[in-house]
Amino acid sequence: VPDEKAAFHKYKEVLKLNAAHIYALNKCSELCSRIGQRETVNTKLRSDYYLAAKIYAETALKIDPKNSEANCVMAIALGRSSMSKSGREKIENAKEVKKYVDAAIANDPKNFKAWHVLGRWQYEISNLNGLERGLVKVLYGGLPPATLKQSINAFEKARSLRPEFILNYFEMAKAYKDNDNKTRAIACLQLMFTLPNQTEDDPKIKEMGRALLKNML
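These figures come from a predicted structure and were not determined experimentally.

*Asks:* Break down the environment of asparagine 197 for me, with residues and values.
*Replies:* Note that asparagine 197 resides in the loop between helix 10 (182–193) and helix 11 (202–216). In this structure the side chain of asparagine 197 is engaged in a polar contact, spanning 2.8 Å, whose partner is the side chain of lysine 206.

*Asks:* Hey, could you go over the pattern of salt bridges for me, with residue numbers and the actual values?
*Replies:* Using the criterion set out here, one finds 18 salt bridges in the structure. Here lysine 113 ties to glutamate 69 by a salt bridge, and the two come within 2.5 Å at their closest N and O atoms. Of this pair, lysine 113 sits in helix 6 (residues 112–126) while glutamate 69 sits in helix 4 (residues 68–82), placing them 44 residues apart in sequence. Looking at lysine 113, the relative accessible area reads 12%, which means it is buried. Given a relative accessible area of 22%, glutamate 69 falls into the partly exposed group. Residue lysine 99 is joined to glutamate 96 by a salt bridge in which the shortest nitrogen-to-oxygen separation is 3.7 Å. With lysine 99 and glutamate 96 both in helix 5 (residues 88–107) and three residues apart, this pair spans about one turn of that helix. Lysine 99 sits in the partly exposed class, given a relative accessible area of 45%. The network of salt bridges with common partners includes Glu4, Lys27, Glu30, Arg34, Arg38, Glu69, Lys113, Glu200 and Asp201.

*Asks:* Report on the packing of aromatic side chains, specifying residues and quantitative values.
*Replies:* Aromatic ring pairs are reported here in terms of the distance separating the ring centres and the angle at which the planes meet. For the structure shown, the criterion picks out four aromatic pairs. Measuring from centroid to centroid gives 6.1 Å for phenylalanine 8 and tyrosine 56, while their planes differ by 85°, and the two rings are edge-to-face. Separated by 48 residues along the polypeptide, phenylalanine 8 in helix 1 (residues 4–17) and tyrosine 56 in helix 3 (residues 43–63) bring together distant segments of the chain. Assigned by exposure class, phenylalanine 8 and tyrosine 56 land together as buried. Ring centres of tyrosine 11 and tyrosine 23 lie 6.1 Å apart, and the angle between their planes is 65°; on these two criteria the pair is classed as edge-to-face. Remark: tyrosine 23 occurs in helix 2 (residues 22–38) and tyrosine 11 occurs in helix 1; sequence separation between them is 12 residues. Residue classification places tyrosine 11 among the partly exposed residues on the basis of a relative accessible area of 21%. A network of ring pairs unites the aromatic residues Phe8, Tyr49 and Tyr56 as a single cluster. Above the face of the tryptophan 121 ring, lysine 98 is positioned so that its terminal group lies 5.5 Å from the ring centre.

What counts, and at which threshold
Residues numbered from 1 in each chain as written. Predicted model: local features only at pLDDT ≥ 70, side-chain atom pairs only at ≥ 80, totals over all residues. Heavy atoms only, no water. Helix = DSSP H or I, 4+ residues; strand = E, 2+ residues; numbered from the N terminus. Polar contact = N/O pair within 3.5 Å; in protein donor to acceptor, adjacent residues only side chain to side chain. Salt bridge = Lys/Arg side-chain N within 4 Å of Asp/Glu carboxyl O. Buried < 20%, exposed > 50% of the residue type's maximum accessible area, 1.4 Å probe, protein only. Phe/Tyr/Trp six-rings, centres within 6.5 Å; stacked < 30°, edge-to-face > 60°. Lys NZ or Arg CZ within 6 Å of the ring centre and 35° of its normal.

See below:
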């Protein structure tokens, strides 16, 4: 399994030599979002990582506003730092996340990560509670419609582009389950268990998948 902190330091070395290296900026942003999410104890450190993820993405977008991956890592950074929150903060960032993910897909329709983020966004928005929906109306007069069916379609699109992407199966299984399609949800999880781990998070994702499966059987 890759060591993401070591990879992050390598990309930072690249940026020392070339501060405008867009691939390295995008990778640093994505890794900060991932490493930050694993900082469950030290919330200050987690916030620092999320902030760094945003700054790397902003820097990449200044260099190339149409770069699909830069838009995608910005959507991830905003999503990670806000979708776990509730109420106003979550809603305020939701509109921004959608803007960046739409730009990522528009500039590269084959960006599997962007389709996955769109699926996550639609899933979260379709699950807003009454209070949050009220806030959406007050702040924006509404958000673009988001349904579980749209969320599933986006996850399926990500799957068609990157069939070995483990997290996508877990999120897709949740969406199928909530959409009353237990059979498809179980199939997603069972397929996920057969895939080799590719990121530091994958063992944990499979563990959560096993808990979800147990809950459905």
